[in-house]
Amino acid sequence: MNGVHDMGGMQGLGAIEPEAEGQVFHHPWEGRVHAMSLASPTRANIDSGRHQRELIPGPEYLRMSYYEKWFRSLSERLLQQGLVTPEEFASGQPAPGSAKATPRLAPEAVESTLGRQGSYVRETTARPQFASGDQVRARNINPNGHTRLPRYARGRRGVIERLHGAHVFPDSNAHGKGEDPRPLYTVRFTARELWGEAADARDSVSLDLWEPYLERA
């Protein structure tokens, strides 16, 4: 969807201020939000969580810190899925007589779970439409739902650099329509194709894009 979260290529938002290496959390509560998000039953669909953050109104999104957005998304999805009631959320206590749920992530499984690399690679019988070296154009789409195709690349021409096999398609998965695996490619765009003649002719940007985002140029 088009929103303030899609900041690539936008100007006037201030300077980017790099932070020191190794500074993961600024405050202890951020670590707790990160842990709650990983342990939550809502974690089963990362694309849905991303879309929930995209729904935060623009002025609030710009004001919030990174983990404030995570907490907002987690809270809203817990309520939407009926995992907590509004009263439980407000009080921080389970409702009297409510059943005790089985934790998705038990304490003894935390280390092994976080140390195990996940994958969104999937098997599919569909043949890729493109190959390395093909000239393609990113489609000019403006969906109401979640997409991983950045606005600054839409309608721009690029070259396929690599095929990564089939991966979970976020535009479908974010909305509960299934994983719908699609071929994923690395596509190289020249900086001038993206930003115009003022860009350095030596620069380029490579994006990982799903096949439905692309058409033959």
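Read on for a plain summary of the structure.

A few words on the pairing of strand β2 (residues 135-138). What you see with β2 is a clean split: V136 and A138 sit on the buried side and Q135 and R137 on the side with no burial. Here β2 runs beside strand β6 (residues 214-216); their pairing, made up of three bridges, is antiparallel. Within β6, the position partnered with A138 by the bridge is L214.

Here helix α4 (residues 66-80) is 15 residues long and its end C-alpha atoms lie 22 Å apart, about the 21 Å a rise of 1.5 Å per residue gives. Among the residues of α4, Y67, K69, W70, S73, L74, S75, R77 and L78 are the ones counted as buried. In this fold, the buried residues of α4 make contact with α1 (28-39), α2 (46-54), α3 (58-63) and α5 (86-91).

Right, let's get into the pairing of strand β4 (residues 182-190). The pairing of strand β3 (residues 157-167) with β4 spans six bridges and is antiparallel. Paired with I160 across the strands is V187, a residue of β4. Here β4 runs beside strand β5 (residues 204-210); their pairing, made up of seven bridges, is antiparallel. By the bridge assignment, T190 is partnered in β5 with S204.

This next bit is on the packing of α1 against α4. Following both chains from N to C, one finds α1 and α4 inclined at 40 degrees, their axes separated by 10 Å at the closest point. Here α1 is positioned oblique relative to α4, judged by the angle of their axes. Regarding α1 and α4, the two cross each other, and that crossing is left-handed. Every residue of α4 that contacts α1 at W29, E30, V33, H34, M36 and S37 is listed here: Y67, E68, W70, F71 and L74. Among the residues making up the contact of α1 with α4, the classes are represented as seven nonpolar, two polar and two charged.

Rules of the game
The residue numbering used here restarts from 1 in each chain and proceeds along that chain's sequence as written. Given that this is a predicted model, residues contribute local features only at a pLDDT of at least 70 and side-chain atom pairs are listed and counted only at 80 or more, while totals for whole chains, interfaces and linings are drawn from all residues. For side-chain calculations, the full set of non-hydrogen atoms in the structure is used, while hydrogens and water are omitted. Note on exposure labels: buried denotes an accessible area under 20% of the residue type's maximum, exposed denotes more than 50%, and partly exposed covers the range between, all computed with a 1.4 Å probe on protein chains only. Numbering of helices and strands starts at the N terminus; helices are DSSP runs of H or I of at least 4 residues and strands are runs of E of at least 2. A pair of strands is labelled paired if DSSP reports no fewer than 2 bridges between them. Take the residue count of a helix, subtract one, and multiply by 1.5 Å to get its expected span. The contact criterion used is simple: two residues touch if any of their non-hydrogen atoms lie within 4.5 Å. Axis lines are fitted through C-alpha atoms, for helices just across the contact stretch, and the angle between N-to-C directions can take any value from 0 to 180 degrees. For this classification, under 35 degrees means roughly parallel, over 145 means roughly antiparallel, 65 to 115 means roughly perpendicular, and everything else is oblique. By convention, the crossing between two helices is left-handed when the near helix turns anticlockwise from the far helix through less than a right angle, and right-handed when the turn is clockwise. Throughout this entry, Asp, Glu, Lys and Arg are counted as charged residues, while Ala, Val, Leu, Ile, Met, Phe, Trp, Tyr, Cys and Pro are counted as nonpolar. The remaining residues, Gly among them, count as polar.

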